[in-house]
Amino acid sequence: MASSSNMGNETLEEEDEEEVEPEGFDDFTLASSWERFISEIEAVCRLWLADGPKILLEKGALCLGPQKNLYKVKSELKYGAKMYCLDYYFEISRDGKPSEWNGDLHDMQLSFGVKDFLVIAPLSASGVVLDAPESTKLLSATAIALSNCGSTWPAFVPVHDPSRKAFTGIQNMGTVLTRRFEADHIGSQVPVKLMHLEGLYELFISKFAFSSMDLSTSSLNVYFTMKLTYRTPPDDDDIRMQGIDAEMTESEENHESNIRSKIQWDDDCPWTEWYSAEDPIKGFELSSAWSNKMIKSSSDMAELENTSSYEAETWLLCPFLSPNLDGGNTVGFASQLCLLVNALHISFEAQFMEDFISVEKRTSDALDAVPPPTVLDRVLKDLFHQGAQMSEYSMSEHKSSRTIKGAPLESLFSQFCLHSLWFGICNIRAVAMLWIEFVREVRWCWEELQPLPKMLKYGSIDLSTCLIHQKLQMLAVCIERQRQSEDSEPIFQDSVEGEDDFSGNEEDSQLGGSPTHFGMSAWKSDAKRDSQSGVKGPDSPVQIRRGSAGVAGSMMLINSYQRMHAPYTQDPPLMTEDMHEERLRAVEALGNAINFSAQLERDILSSDMSAFKAANLDAVFEDFIRWHSPGDWESSETDKSAGSGLNQLDGLGNDEWPPKGRLSNRMSEKGNSWWQLWNDAPVLPASEQKSLLDPNQEGEKILHYLETLRPDQLLEQMVCTAFRASADTLNQTSFGDLKQMTAKIGQLYLTITSSLKPLRGNYLPHKEETIADLRRLCVVFENVEKLLLLAASLHRKLSHAPRLSKSIFTDYFNFYLPKMGTSSVGGDNRKEFDMKQRVAGNEREAIMNMFPPPTANQSWRKVLSMGNLFNGHEPVVREIIFSRRDGASGNHYSTNNPINSSKEIETHRMYICGTSNDLRVALAVTSSD
């Protein structure tokens, strides 16, 4: 039994040995998961050490902060069933020791006085370690791995609740010294003693002084730096416009002004006529800093608490910006232009604007709503009944504004487009309603012969503008000519041959050329000179010249010994762009380039011939050619020497008569249209001729065009004009000498011009692509508009410190520039702008004026619990760094290295940040254990 039993046991043991017998060598140094975890951390750290900062940047290290000198790489590790993330924070370069208060340090760097560091945390929702043994294991594993690598990087583990921002950490500083870190936060009920500098100083001393020492009277050398941050007070809600109470009445005229009684930051800005913008600068943060002060006792701290911040060594200023400035939804020109683009997209669905307000098109959608009649009446009143007559448009527009085919900012159509942006929510129904009423008002002005407001009554048609503006400009001219036709006196005068032809002086006889160059006395001199010299003409009855502007130089008529007179002529008819195109198409259809002038200017030429006949009753066709088209008169040699033609004068008045020469071949051809026109032209001065521009006919054509304009054609011109008018309005903003802003506005005009080119035609071949481009243009416009608001706000708030205004804007411009032109500003990597500018000594007075003493109307706390008041204002944040240093020789901090034996070591360091409501403390202690 025993033997059999033993044999059975031996067999089982042999089988077990065969099962567990390893095939190769087993490394028992990696037996546990904790040791394998240390090995993984060590492998990652060795890789980072070997790569160095430059290679890590090439591998895609994440940049942190606007200063772009701190970067982060990470690696995920597994320990047991949990996943952890190991983050390595490193700097690429830094000259000298960093200043604690420049604002370019990471929170861990500022709290513990480190440079490059590691953070290991669990991949969980909280991202912190709640179990104390777990945090100890993580920190120990990381410390061992770093020691094996020979690295002195400090390592940190986040612990406790995330709101406490608590950390524990360790750093191996060689073979002897070790540095331990700890940070925690008190969120409420801060002890009164710790609200004052004296209590904070004693808290730091207690970390290394003997418990029996009297901290209030003991003298210990402690290094001290402090930064106090103040925030400018908010605007007082009780501030009112000066004299507003005296001006308030119950009348409807003042009702709108009484509603908006408070002073707004942008009251004097050009866009306030259309909207009130949120101030992009909510305030400023002023940081006053003291550095490297030696504190020996608590009494020194009590004295420092009563010191004014004006005596601080350094002032740093940082704007507190609105969150909407960087990616928020704001209301401005850009937002409304985007709505107008949406209306353009829908406008292709109908043939007439009336279709969009018909009963069949109505919906219950709020986006399809229209404003009440009172709003419509107010808009029409502003457009037509409060519009001043324009003598000329402002010349203050941007040099690139005219490249946008819209309308001038002050013109009627431009103001209509700007009103449309804010009429309701700028949907297609609201635009249609406003346009129909707008055209009705224009027709009323036409039928009642009332001047068209905000339009020029004289001058030529500006073909660089949109067609609707051209039509309105011509309509304004037609209305004015209709008004003048009833009561105007003729400007053309008649003269009697033999009387008016013999007076004046010799100097005036040298005038020649266009009839517009002659006054009513300029043409008398030659005739008077002839009378005085005894020269007489052939016997002939007295002739009455009608519509003469004066003698045409020294030219004589061919068939009578009389001086040629230049007539007053009608101005060429005004034509809009489509009228020019229509006439050009008619000429092209004839296919005769030689007769281009005869075909295009037939009416004008016939009018000039009639006026010439009235001023020169004995004139022949050759005389007209010599005056009107001297290039078609070929003079003989003797005639050339005497001088002939409109611009050739001999100055003596003894031309050979009759003039020698002949018509050119073109004018001599049989069937020449000019001959026929000359024969058919009646003898009529310009004052008695039918106007080349029929104001009644042209006016009705213009009204028909406006009333039957297709919706897409209207919206295309509205979009172009609205972009131009919005840009011109913003361009009037005063923002000081900010060259980046000036350049950005110039680029915006060029971008608008390029993006709106497809809208110049009557047909859009790629509608969806064009609409997408216009929406991207709205994003670009929004970015520039936000920058302009910031520039204007800075200019107003820092008008007495222009250098600061320019520096802060430059910092933000460089911070914001990479995000411009994208549809989502900021995105997932959006960061707050927190760059600070150093305040010069001569700028401190201007900054102090931004902190007026508190008044009784403002909601200030009656009991101030902290010191260091600045014009009566308590700091919003107080940051302090205490440190104690000791030599590395002759004590337990000494090492065996003689080189470092005389170097001082920071044995204790405490960073304190907080106010009367919260307090955060970070402690670093160096020891030799």
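Data block above holds the structure.
Figured I'd write up the structure that's included with this text. (Residues numbered from 1 in each chain as written. Predicted model: local features only at pLDDT ≥ 70, side-chain atom pairs only at ≥ 80, totals over all residues. Heavy atoms only, no water.)

## Focus on the environment of Asp 773
Take Asp 773: it is sitting in helix 25 (residues 767-797). Note on Asp 773: relative accessible area 30%, which makes it partly exposed. Sequence separation between Asp 773 and Leu 756 is 17 residues; the distance between their C-alpha atoms is 9.0 Å. (Helix = DSSP H or I, 4+ residues; strand = E, 2+ residues; numbered from the N terminus. Buried < 20%, exposed > 50% of the residue type's maximum accessible area, 1.4 Å probe, protein only.)

## Regarding the pairing of strand 19 (residues 904-914)
Here strand 19 lies mainly inside the structure; eight of its 11 residues are buried. In terms of strand pairing, strand 19 meets strand 20 (residues 919-927) through seven bridges, oriented antiparallel. Looking at strand 20, one finds that Cys 913 is bridged to Arg 920. Taking the residues between adjacent antiparallel strands as the criterion, strand 19 and strand 20 are bridged by four residues. (Pairing = 2+ DSSP bridges.)

## Thoughts on unusual backbone geometry
With a phi angle near 60°, His 160 is a residue other than glycine that sits in the positive phi range. Overall, His 160 belongs to the partly exposed group, its relative accessible area being 36%.

## Observations regarding the environment of Ser 111
Looking at the secondary structure, you find Ser 111 in helix 3 (residues 107-112). Linking Ser 111 and Ala 924, residues 813 residues apart in sequence, is a C-alpha distance of 8.8 Å. With residues up to four places along the chain from it excluded, the contact list for Ser 111 reads Arg 909, Tyr 911, Arg 920 and Ala 922. (Contact = heavy atoms within 4.5 Å.)

## Some thoughts on helix 8 (residues 298-305)
Residues that lie three or four places apart on an α-helix share one face, since the helix turns once every 3.6 residues. Turning to helix 8, its buried residues number three or more, namely Ser 298, Met 301, Leu 304 and Glu 305. Projected down its long axis, helix 8 carries its buried residues within an arc of 120°, all on one side. (Arc of directions from axis to C-beta.)

## Overview of the nonpolar core
By size, the foremost hydrophobic cluster in this structure holds 151 residues, and its most contacted members are Phe 413 and Trp 435. If one sorts the elements of this core by residue count, helix 25 sits on top with 13 residues. Core analysis: the second largest hydrophobic core is formed by 31 residues, Val 44, Cys 45, Ala 155 and Val 159 among them. (Core = buried A, V, L, I, M, F, W, Y, C linked by side-chain atoms within 4.5 Å.)

## Topic: the packing of aromatic side chains
The geometry of an aromatic ring pair is captured by two quantities: the separation of the ring centres and the angle between the planes. For the coordinates displayed, the defined rule picks out 41 aromatic pairs. Their ring planes at 80° and their centres at 5.6 Å tell us that Trp 315 and Phe 870 sit as a pair that is edge-to-face. Of the two residues, Trp 315 is situated in strand 10 (residues 314-321) and Phe 870 in the loop between helix 27 (844-848) and strand 18 (877-887); the sequence distance between them amounts to 555 residues. The residues Trp 315 and Phe 870 share a single accessibility class, namely buried. Centroid distance Phe 612 to Phe 624: 5.5 Å. Interplanar angle 75°. Geometry classified as edge-to-face. With Phe 612 in helix 17 (residues 602-615) and Phe 624 in helix 18 (residues 621-628), this residue pair connects regions lying 12 residues apart in the sequence. Comparing Phe 612 with Phe 624, the two get one shared label, buried. One aromatic cluster is present, formed by Phe 612, Phe 621, Phe 624, Trp 627, Trp 675 and Trp 678 through successive ring pairs. (Phe/Tyr/Trp six-rings, centres within 6.5 Å; stacked < 30°, edge-to-face > 60°.)

## Thoughts on helix 21 (residues 673-680)
Taken together, the buried positions of helix 21 are Trp 674, Leu 677 and Trp 678. Taken end-on, helix 21 shows its buried residues confined to a sector of 100°, consistent with a single buried face. Exposed residues pointing more than 90 degrees away from the buried face of helix 21 are listed as Asn 679 and Asp 680. Regarding helix 21, its N-cap is Asn 672, as a side-chain oxygen of that residue lies 2.8 Å from the backbone nitrogen of Trp 674 further along. (Polar contact = N/O pair within 3.5 Å; in protein donor to acceptor, adjacent residues only side chain to side chain.)

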